[in-house]
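Results of the structural survey
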Amino acid sequence: MKILITGILMISLFLGACKSPNNLQKGTAIGSAGGAVVGAAVGSIFGKVGMGAIIGATVGGVTGAVIGRNMDKQAEEIRKNLPDAQVIRVGEGIEIEFSSKILFGVDQSDLSTAARSSLDKLINVLKAYPDTDIEVQGHTDNTGTESYNQSLSKRRASSVSGYLSSNGVGSSRLNIKGFGETAPKYTNSTAEGQEQNRRVEFLITANEKMKADAAKEAEKNGGK
């Protein structure tokens, strides 16, 4: 708890000194405060598994700023190609949620034709930025038992991950996680909300090569 409080205070002081902190400054502050600790806490407190995971992978410092610039470019490219997706820049990573298309029917994990079409557009961007890791997260509504939904969410993530890898995205970049019904973003009290919760999300973070290249660039510019 002391470490967490210290980390949050460091972030608050840093960002408070910036009139309008951008993603690079936020990432630098979080990395300096201890990304893994703060990331886990943020994810737990706010219930946003994507935010917590991305912040947990933060490098911080000038190296993190270099990574952030790369992620800004990639996020903009994704927005251009996928106007119906929510693309959120968090620290040194990107969180993507499709507002439609990458949704599933009740008790289904197979990809629809519309889902494949949307994924094809994402694949083009992912292949253009090979130095990233991609976490594919599966989710469900609250229909059925928790244990069944946990398994179903993994199948959904695996279905999407398999489609990415079969279309040129390196399997070594991909990691799947199932969250079952534990992380709903929408109300499960309506049919529409349940449909939106039957989703897959994507987290994009720097891989080791990008981190090493960013560290070299930072050192070259007098930072670290």
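Residues numbered from 1 in each chain as written. Predicted model: local features only at pLDDT ≥ 70, side-chain atom pairs only at ≥ 80, totals over all residues. Heavy atoms only, no water.

Comments concerning the overall build of the chain
Secondary structure assignment for the chain yields 8 helices and 5 strands. Going from the N terminus to the C terminus, the chain shows its helices and strands as α-α-α-α-β-β-α-β-α-β-α-β-α. Burial analysis of the chain (224 residues in total) assigns 46% to the buried set. Accessible surface computed for the chain: about 10900 Å², of which carbon and sulfur atoms make up 54%. (Helix = DSSP H or I, 4+ residues; strand = E, 2+ residues; numbered from the N terminus. Buried < 20%, exposed > 50% of the residue type's maximum accessible area, 1.4 Å probe, protein only. Areas by Shrake-Rupley, 256 points an atom, 1.4 Å probe, with all protein chains shown as cover.)

What about the nonpolar core?
By size, the foremost hydrophobic cluster in this structure holds 35 residues, and its most contacted members are Val160, Leu164 and Phe202. Of all the secondary-structure elements, those providing two or more residues to this core are α4 (61-81), β1 (85-90), β2 (93-98), α5 (113-128), β3 (132-138), α6 (146-166), β5 (200-206) and α8 (208-220). Counting residues per element, this core draws most heavily on α5, which supplies 6 residues. Each residue touching phenylalanine 202, except ones within four places of it in the same chain, is listed here: Ile94, Glu95, Ile96, Phe98, Leu119, Leu122, Ile134, Glu135, Val136, Val160 and Leu164. (Core = buried A, V, L, I, M, F, W, Y, C linked by side-chain atoms within 4.5 Å. Contact = heavy atoms within 4.5 Å.)

Re the confidence of the model for the chain
Looking at the chain, the pLDDT average stands at 82 and 74% of residues meet or exceed 70. Predicted confidence in the chain is weakest over helix α2 (residues 23-46), with a mean pLDDT of 46, and strongest over α6, with 97. In this model residues 27-47 is a low-confidence stretch, pLDDT under 50, and it forms 43 contacts with partners more than four residues away in sequence or in other chains. (pLDDT = per-residue confidence, 0-100.)

Here's the deal with the sheet that holds β5
Taken together, the 5 strands give an open sheet; going across it, the order is β1-β2-β5-β3-β4, and neighbouring strands pair in mixed fashion. Across the chains shown, the open sheet's two edge strands, defined by having one partner strand only, are β1 and β4 (174-178). Recorded for the sheet is a direction-independent mean angle of 20 degrees between the axes of neighbouring strands. Pairing between β1 and β2: 6 bridges, direction antiparallel. Counterpart to valine 90 in the pairing with β2 is glycine 93. Its contacts with the sheet place α4 against β1, β2, β3 and β5, and it is angled at close to 170 degrees to β1. (Pairing = 2+ DSSP bridges. Axes fitted to C-alpha atoms, helices over the stretch in contact; angles between N-to-C directions.)

Observations concerning the pairing of β2
Judged by how many residues are buried, β2 sits mostly within the fold: 6 of 6 residues are covered. Of the two faces of β2, both are covered, the one formed by Gly93, Glu95 and Glu97 as well as the one formed by Ile94, Ile96 and Phe98. Counted along the chain from β1 to the antiparallel partner β2, the turn is 2 residues long, and its residue glycine 91 has a positive phi close to 55 degrees. As judged from the 4 bridges shared by β2 and β5, these two strands associate in the antiparallel manner. Directly across from glutamate 95, in β5, lies its bridge partner leucine 203.

Remarks on α4
Counted at 1.5 Å a residue, the expected span for α4 with its 21 residues is 30 Å, and the 30 Å between its end C-alpha atoms agrees. Those residues of α4 lying buried are Thr63, Gly64, Ala65, Val66, Ile67, Gly68, Met71, Gln74, Ala75 and Ile78. (Expected span 1.5 Å × (residues − 1).)

Points about the pattern of salt bridges
Scanning all chains against the criterion turns up 12 salt bridges. Across the pair aspartate 72 and arginine 89 runs a salt bridge whose closest N-O atoms are separated by 2.7 Å. In this pair, aspartate 72 sits in helix α4 while arginine 89 sits in strand β1, placing the two residues 17 residues apart along the sequence. Accessibility expressed as a relative area gives 9% for arginine 89, which makes it buried. Lysine 209 is paired through a salt bridge with aspartate 213; the nearest N and O atoms lie 2.9 Å apart. (Salt bridge = Lys/Arg side-chain N within 4 Å of Asp/Glu carboxyl O.)

As for unusual backbone geometry
At aspartate 107, a position not held by glycine, the phi torsion is positive, near 65 degrees. Inspection of the secondary structure assignment puts aspartate 107 in the loop between β2 and α5. The exposure class assigned to aspartate 107 is partly exposed, which follows from its relative accessible area of 42%.

Some thoughts on α6
The end-to-end C-alpha separation of α6 is 30 Å, in line with the 30 Å expected for 21 residues at 1.5 Å each. Listed in full, the buried residues belonging to α6 are Asn149, Leu152, Ser153, Arg156, Ala157, Val160, Ser161, Tyr163 and Leu164. Close packing links the buried residues of α6 with α5, β3, β4 and β5. Glycine 168 sits one or two residues past α6 and shows a positive phi near 100 degrees.

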